[in-house]
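Residue-level listing of the chains:
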Amino acid sequence: METPDQVKLKEITDCFCSLVRIDSPSGSEEAMRIRLCELLEPLAGKGETDEAGNLKFKLPGTRSGPICLFSSHMDTVEPGRGITPRLDSDGQIRSDGSTVLGADDKDGITALIFALRRLQEEKAPHGPLEILFTAGEENSLSGSARLVPGWLKAQFGWVFDGPGMPGTVYRNGVGKIGFTITVTGKAAHAGLAPEKGINAMMLAAEGLRGFPPGRRENATVNYGSISGGQADNIVPEKVVLTGEIRSRCTSRIEELRSELEQVWKGTGSICYGKGYPAYEQTDEHFLRQTQAVFTAAGMPSEIKDFSAGCDANHLAHLGIKVCLLAMGRSDNHTRAESTRPEYMLTMSDIAFRLMTSEWKY
Ligand SMILES: [Zn+2]
């Protein structure tokens, strides 16, 4: 005879595995969106999709209270097509090793689905809820970046997408800007007239020395790619570098951006690409209330700093009091990614408790 928990773990494993079998790399979330509508509409009414492909469900409260948002993302990183999940004898779910598993973030989606099912089964009283599944999270948060102010009405929110063990509550997220620097020198025959050329690689080297990558005060800088030149017998005319600046503090990013411009001025032309603002949850009461839910579930919890970005960055800038919750997965963004059904069961319990908590402000 299986215990109720064993039955639930099996249901969670089946649901999670069926979701990761649906290909949904960033920009190709359509099949996932359709499946989520099928799964969620009996629980949370009709889904609404915005221009960016984000999917939202609204549940009116069975009692009054602030609107609470529960969020996870539909897309996965590559290689993320044809994922074949399996439950190994050590209790971990992994892919067959040729792709990522996609626990990032289908463990979050699974936890939310099971919380909503429980809400319905137990007819548990709850305040008004919004359930959000974003697109393009892995593409520099491109889906949540396009959330139109006012589309979400929530005052409080939790993003089910963090690394680390369940119980970890992240209070902030790093912001970043991406940049592309095009360095232009002068082409010349490398053998016949090298003195007529200006080697763009040497110009780039000067810029790199002037504004080097690595850790800075309250920030990091990286150059992630470099390309240029044509052939060994031509003095290279053009080199293109791409990179990023990250910090928990948006004004620090701006400071470093002007330093970057100062150093590269005259050497290269700079354009800025994908980025997102930093956020910091400063409402201690909200964080303590979130921790109290873990305590009530008999779990230790810890508030930490997060050194990357997630949808919470944009949600916070829409005025939602938000934090990121850890899901327990390991090695996400690699072929070794894994998770355990127990973590999803735990986090569905936490989601359920958050949904049914009375938020007093
Ligand atoms: Zn994620």
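Values in this document were obtained by computation on a predicted structure and should not be read as measured data.

Caption draft 1: Structural detail: the domain arrangement of the protein. The domain architecture assigned to the protein consists of domain 1 (4-173 + 278-356) and domain 2 (175-276). Put simply, the middle of domain 1 and the middle of domain 2, counted by C-alpha atoms, are 37 Å apart. With nine residues of domain 1 at the interface, the matching set in domain 2 holds nine residues. Here the side of domain 1 that touches domain 2 is composed, by residue class, of three nonpolar, five polar and one charged.

Caption draft 2: Seen up close, the packing of helix 3 (residues 103-121) against helix 9 (residues 341-356). Contact pair helix 3 / helix 9: the axes reach a minimum separation of 8 Å and the direction vectors enclose 50°. Our classification of the angle between helix 3 and helix 9 gives oblique. Taken as a pair, helix 3 and helix 9 cross one another with a handedness that is right-handed. Counted together, Asp107, Thr110, Ala111, Leu112, Phe114, Ala115, Arg118 and Leu119 of helix 3 and Tyr343, Met344, Met347, Ser348, Ala351, Phe352 and Met355 of helix 9 form the full contact between these two elements.

Caption draft 3: Region of interest: helix 1 (residues 4-20). For helix 1, built from 17 residues, the straight-helix expectation of 24 Å at 1.5 Å per residue is met to within 8% by its first-to-last C-alpha distance of 24 Å. Taken together, the buried positions of helix 1 are occupied by Ile12, Phe16, Cys17, Leu19 and Val20. Around the axis of helix 1, the buried residues are gathered within 155° of arc, so they sit on the same side. For helix 1, the exposed residues set more than 90 degrees away from the buried face come down to Pro4 and Val7. Buried residues along helix 1 sit against strand 5 (93-94), helix 3 and helix 9.

About the cut-offs
Residues numbered from 1 in each chain as written. Predicted model: local features only at pLDDT ≥ 70, side-chain atom pairs only at ≥ 80, totals over all residues. Domains from an automatic or database assignment. Contact = placed C-beta atoms within 7 Å. Nonpolar A, V, L, I, M, F, W, Y, C, P; charged D, E, K, R; others polar. Axes fitted to C-alpha atoms, helices over the stretch in contact; angles between N-to-C directions. Helix = DSSP H or I, 4+ residues; strand = E, 2+ residues; numbered from the N terminus. Parallel < 35°, antiparallel > 145°, perpendicular 65-115°, else oblique. Left-handed = near helix turned anticlockwise from the far one by under 90°. Expected span 1.5 Å × (residues − 1). Buried ≥ 20, exposed ≤ 12 C-beta atoms within 10 Å, placed from the backbone. Arc of directions from axis to C-beta.

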